[in-house]
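Remarks on the overall topology
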Amino acid sequence: LLWDACRYNDEEIKGNVTLRVALLLLKYIFREELRDRLPEMLGLLRELLGKRTGLEYLESVLRYLISAAPEGNISYEEIKRAVAEALSYEGGEQMRTVADSLIEQGMQQGRLQSTREDIFEVLEARFELVPQSIVKRIDGIEELPLLKILLKKSAVVDSLEQFKEVLGKLME
C-alpha cells in the first residue's frame, strides 16, 4: 500500500502531533522545502514539552533527519536554527540541548563514515580489491584520528599486506 503525502497540503494532514510530524517529515524529507518547513514541523512538538515522550520523539525526528535527508537539502546549522526557532521559549532549552547533542552525534557519524569510504576508495584505486577482513576492521573503528592516520597510510603503503600490518599495529 502506497500513500502519497505530496498530494495533500499540510493543513489536510491531520492526527495527533506525533503522527502529523511524522507524515510531514515523510512528505518533505527529499524536498528542498525541508529547511523552510522544519521549524513549523518542530513547533508542533511544543505540546509535548515537559513530557519524557517529547524528548524521545524529538530525538527520533532528529535521528531521521540526520540519516535520511540528502546532504544538499539541509545542513547541521539549518537543523540547529530550526530547533532554536521552533522551541525558543521557556522550557525549550532542554529540547535544544538534546537536539544539539543528537545533531553533533550525527555529524560525527557522518565524518567517520566518510573517512572510512575515503580509505576504501584509495585502497581500491591502488590495489583494486580490498579484502573483507580489512573492510570489517576499518568499519569497526570509531575514532576519527585513527581513521585519518589510516587514510594517510593507505596513500603511501607499498601493498595491502603492508597496510594490514599498519592496521594491526594501530589496533593494538
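See the structure shown above.
In this report, the structure presented in the accompanying data block is examined. Given the structure is predicted, the values throughout are model-derived calculations rather than measurements. (Residues numbered from 1 in each chain as written. Predicted model: local features only at pLDDT ≥ 70, side-chain atom pairs only at ≥ 80, totals over all residues. Heavy atoms only, no water.)

**Regarding helix α6 (residues 132–139)**
Restricting attention to buried positions, one finds in α6 the residues I134, V135 and I138. All buried residues of α6 fall inside an arc of 100° around its axis, so they share one side. For α6, the exposed residues set more than 90 degrees away from the buried face come down to Q132 and K136. (Buried < 20%, exposed > 50% of the residue type's maximum accessible area, 1.4 Å probe, protein only. Helix = DSSP H or I, 4+ residues; strand = E, 2+ residues; numbered from the N terminus. Arc of directions from axis to C-beta.)

**Some words on the nonpolar core**
If you look at the biggest cluster of nonpolar residues, it comprises 30 residues, and the most contacted ones within it are V21, L34, L38, L42, L45, L65 and I79. Of all the secondary structure elements, the ones that give two or more residues to this core are α1 (17–28), α2 (34–43), α3 (52–68), α4 (76–86) and α5 (93–127). No other element matches α1, which puts six residues into this core. Among all residues touching I79, those that are not within four sequence positions of it are L38, L62, L65, I66, I74 and I103. Among the nonpolar cores identified, the runner-up in size contains 18 residues, and I119, I134, V157 and F163 belong to it. (Core = buried A, V, L, I, M, F, W, Y, C linked by side-chain atoms within 4.5 Å. Contact = heavy atoms within 4.5 Å.)

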